[in-house]
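# Reading the structure
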Amino acid sequence: MTTAAVTAGERTGRARPATMAQALGRALRDAMAEDPTVHVLGEDVGTLGGVFRVTDGLAKEFGEDRCTDTPLAEAGILGAAVGMAMYGLRPVVEMQFDAFAYPAFEQLVSHVAKMRNRTGGAMPLPITVRVPYGGGIGGVEHHSDSSEAYYMATPGLHVVMPATVDDAYGLLRESIASDDPVVFLEPKRLYWSKADWSPAAPAPVEPIGRAVVRRPGRSATLITYGPSLPVCLEAAEAATAEGWDLEVVDLRSLVPFDDETVAASVRRTGRAVVVHESSGFGGPGGEIAARITEQCFHHLEAPVLRVAGFDIPYPPPMQERHHLPGVDRVLDAVARLQWEAES
Amino acid sequence: MTVQELPGAAAYRPTPPPAWKPLTDPAPLLPDPEPYRVLGTDAAAGTDPELLLRLYAELVRGRRYNAQATALTKQGRLAVYPSSTGQEACEIAAALVLEDRDWLFPSYRDTLAAVARGLDPVEALTLLRGDRHTGYDPREHRIAPLCTPLATQLPHAVGLAHAARLKGDDVVALAMVGDGGTSEGDFHEALNFAAVWRAPVVFLVQNNGFAISVPLAKQTAAPSLAHKAVGYGMPGRLVDGNDAAAVHQVLSEAVARARRGEGPTLVEAVTYRMEAHTNADDATRYRGDSEVEAWRAHDPIRLLERELTGRGLLDEDGIGTVHEAAERMAEALREQMNADPALDPMDLFSHVYEEQTGQLREQAARLRAELDAGNGAHDESGAEEGR
Ligand SMILES: Cc1ncc(C[n+]2csc(CCOP(=O)(O)OP(=O)(O)O)c2C)c(N)n1
């Protein structure tokens, strides 16, 4: 499906509606076409094109040696990728679902993250680990984990999360080009989100590590990434009814973290809420709130608040709507930012 | 009792240090090259008619269950269902060879084995329905939670069987895994532990040809999955997974062997997944109809039916009775599944720890307040829009 739809847009040279999944697939295709050292490997990535069809058509176009259905073993897949990268290839690994990446943790933490450091810079590992992640698609257990906190707590890994179709393409290209390992978290509930997008003229992206202001505002900053970006944009729209003019910052990567963009925004607005769906305790929001406090203390009119998933194992599909932070929870936090008025 | 004191364990210790002795005769560990068959062979004559009839009734019921569950996914009553149609002989035999005190360690596809072991059909679907992660008390039924991460339940089976043996209990664990799952590190580690500890475990690999889209040839280069046993020092057995009598016999022998303290066995049942991986999968992308059709001729229910009718143990009436019973089960299942489960959102916080932490109490209070305020985010409709 991906390649055909994208080619239609390309022929006319005009932007056409494309899904995030299609843009990701196109990024893989273009990277493979440009650089023969780029290899894709994982479970069901070949004939099937991945369970989300992101790798559709790659095996056909580049052959099974470049897009490989591996045996079903995540530690083996990532471990093999380490060896491939040691020998000069640029592996892009697909983990089928967030919670199925855990068998590969040993390889990720002990080798992928540390090889550059262990070898005094002599052996960087240009590996991209693509992980469909997060909830909201009605998946049964182990299909909806938000694992970014584990990854960001591991020095040596970049942690990147696109939230738009443009970024899906651009950030994946950047990640594959990076000489450092990247954990590329694909918000699976945004896979089918669409935007007008042309593969012939994809929007240029800045290097990994730059956040963007998705919506300028003056009253407070919502800081978010990945699956929670649409929630925050919707909340910002809704908040105008209350007279709030919210700025929304999309981090796009947790590592590196763009202190500059975040701090500049919070200094302008004086108030901040961090929004993500992974658990709050020990989650990314705590780190972000601490950094903001350290850098913007004198500009803050209220404590930095967090809106996060509950501190529970990801719930079953019939209950997930109670867990995922939605617009109301964000607005509720925004209301609590009127700190002076309350105290 | 320590491991060393267990009967038979001493023989497994290297004695004395330098003398490593190669196994002089690995033959007893090696599987026969052809899958073991009973139905339609001379061996069938010796089989117990009552057992065959019981297997038949369970197979028919199981197939009907698979069909009903798949239908329920279309009505949105189940989040997802991985059908085991075509594999019923493996599912049923796995359940029937065990004593009540034994344990079953199923994978996510093995709902049918759990039901055949006596689990309530609705409780068995709880995970796939999406209201709770496990719908039953594993200790009550001695069925571990249906396991989604592949092969991770296998070391658990080894540990449980080992613990039971340390306690002096006469308990066997039977662990189920797919062909794809045998590639995981956990499979290797479980088999190795089981053999070293001589744990009373039986590993049943349902080789149904595919791991989602990946055929066996891309999964392993071994002559058979049963061959893998030899390297760990346990016997491997290859069996026709569509021959219910054969699967039952091979598993019974393996269970008896484990019970006698002779250690684990790896059984590979060669079968075929007739449906797609789950209702969400499109099997036409990776396999052709002709292959599926070829397997239809080797259907486990037909094989058994032919045997039973040929021996005059079953007639049209008997077949009708079995199908009627299956239909009644399906009807009851449909009815029960059409009722919305009574769910309390506050349950989200109930079983994270024995006692709720301060944070969880705080978060529970916040959710309570949201629900009391009639916050739209908690409506069913809100959830749909959120998708
Ligand atoms: C550790 C892990 N990795 C990936 C998956 C995703 N997944 C679910 S089922 C499946 C294929 C399993 O194939 P097989 O073991 O042959 O069992 P079958 O589905 O054929 O019963 C995969 C890759 C998973 N559940 N767990």
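Residues numbered from 1 in each chain as written. Chains lettered and ligands numbered in written order. Predicted model: local features only at pLDDT ≥ 70, side-chain atom pairs only at ≥ 80, totals over all residues. Heavy atoms only, no water.

A word on the overall build of chain B. Along the backbone of chain B there are 15 helices and 7 strands. Against the compact-globule benchmark of 21 Å for 387 residues, chain B has a radius of gyration of 23 Å, which places it among compact chains. A principal-axis box enclosing the C-alpha atoms of chain B has dimensions of 75 × 60 × 40 Å. For chain B, buried positions account for 51% of its 387 residues. Intrachain contacts of chain B at a sequence separation of at least 6 include 75% that bridge at least 24 residues. A total of about 17,500 Å² of accessible surface is found on chain B, and carbon and sulfur atoms cover 52% of it. Charged side chains in chain B number 38 positive and 58 negative. The centres of these two groups are separated by 4 Å. (Helix = DSSP H or I, 4+ residues; strand = E, 2+ residues; numbered from the N terminus. Rg over C-alpha atoms; globule rule 2.2 N^0.38 Å. Buried < 20%, exposed > 50% of the residue type's maximum accessible area, 1.4 Å probe, protein only. Contact = heavy atoms within 4.5 Å. Areas by Shrake-Rupley, 256 points an atom, 1.4 Å probe, with all protein chains shown as cover. Lys, Arg positive; Asp, Glu negative; His and termini not counted. Charge placed at Lys NZ, Arg CZ, Asp CG, Glu CD.)

What follows concerns the packing of helix α1 (residues 49-74) of chain B against helix α10 (residues 244-259) of chain B. Residues and elements named next belong to chain B. Between α1 and α10, the shortest axis-to-axis distance is 10 Å and the interhelical angle comes to 110 degrees. The orientation of α1 relative to α10 falls into the category roughly perpendicular. The handedness of the crossing between α1 and α10 is right-handed. Across the interface between the two elements, Leu51, Leu52, Leu55 and Leu59 from α1 touch Ala244, Ala245 and His248 from α10. In terms of residue class, the contact of α1 with α10 is made up of 6 nonpolar, 1 polar and no charged. (Axes fitted to C-alpha atoms, helices over the stretch in contact; angles between N-to-C directions. Parallel < 35°, antiparallel > 145°, perpendicular 65-115°, else oblique. Left-handed = near helix turned anticlockwise from the far one by under 90°. Nonpolar A, V, L, I, M, F, W, Y, C, P; charged D, E, K, R; others polar.)

Turning next to the interface of chain A and chain B. Every contact between the two is made by 38 residues of chain A and, on the other side, 48 residues of chain B. For the pair chain A and chain B, the summed buried surface comes to about 3,800 Å²; carbon and sulfur atoms form 57% of the total. In terms of surface lost to chain B, no three residues of chain A exceed Leu72(A), Met318(A) and Arg321(A), which account for 18% of the buried area on that side. Where chain A packs against chain B, one counts 4 salt bridges. Between Glu370(B) and Arg329(A) there is a salt bridge; the shortest N-O distance is 2.8 Å. (Buried area = accessible area lost by both parts, 1.4 Å probe. Salt bridge = Lys/Arg side-chain N within 4 Å of Asp/Glu carboxyl O.)

All names here are of chain A. In space, the 7 strands of this open sheet follow the order β3-β2-β4-β5-β7-β6-β12, with mixed pairing throughout. Looking at the sheet topology across the chains shown, the edges are occupied by β3 (67-69) and β12 (253-255). Across the sheet, the mean angle separating the axes of adjacent strands is 20 degrees when strand polarity is ignored. Pairing geometry for strand β6 (residues 158-160) and β12, over 2 bridges, is antiparallel. (Pairing = 2+ DSSP bridges.)

Once that is clear, we can look at the packing of aromatic side chains. Residue and element names in this part refer to chain A. Within the structure shown, the criterion is met by 16 aromatic pairs over all chains. Taking the centre distance of 6.1 Å and the plane angle of 85 degrees together, the rings of Tyr191 and Trp192 count as edge-to-face. Aromatic ring contacts, followed pair by pair, group Phe52, Phe97, Phe100, Tyr191 and Trp192 into a single cluster. (Phe/Tyr/Trp six-rings, centres within 6.5 Å; stacked < 30°, edge-to-face > 60°.)

All names here are of chain A. Positionally, Ala27 belongs in helix α2 (residues 20-34). The exposure class assigned to Ala27 is buried, which follows from its relative accessible area of 0%. Residues Ala27 and Leu171, spaced 144 residues apart in sequence, show a C-alpha to C-alpha distance of 8.9 Å. Discounting chain neighbours no more than four positions away, the residues touching Ala27 are Tyr169, Leu172 and Arg173.

Our next topic: helix α8 (residues 165-177) of chain A. Residue and element names in this part refer to chain A. For α8, which comprises 13 residues, the first-to-last C-alpha distance of 19 Å matches the rise-based estimate of 18 Å (1.5 Å per residue) to within 8%. Of all 13 residues in α8, 10 are buried; the element is thus mostly enclosed. The set of residues buried in α8 consists of Val165, Asp167, Ala168, Tyr169, Gly170, Leu171, Leu172, Arg173, Ser175 and Ile176. (Expected span 1.5 Å × (residues − 1).)

Our next topic: the confidence of the model for chain B. Averaged over all residues, the pLDDT of chain B is 92; the fraction at 70 or higher stands at 91%. Residue range residues 382-387 of chain B is modelled with pLDDT below 50. Its contacts to residues more than four positions away, or to other chains, number 4 contacts. (pLDDT = per-residue confidence, 0-100.)

This part covers the site of the ligand. Taken together, 20 residues surround the ligand, and among them Glu74(A), Tyr108(B), Arg109(B), Gly180(B) and Gly181(B) come closest. Taken together, the residues near the ligand originate from chains A and B. Between the ligand and the protein, one listed contact pairs a nitrogen atom with a backbone N or O atom of Leu150(B) at 3.1 Å. One of the backbone nitrogen or oxygen atoms of Gly181(B) is found 2.8 Å away from an oxygen atom of the ligand. By residue class, the composition of the shell around the ligand is 8 nonpolar, 7 polar and 5 charged. (Near = heavy atom within 4 Å. Polar contact = N/O pair within 3.5 Å; in protein donor to acceptor, adjacent residues only side chain to side chain.)

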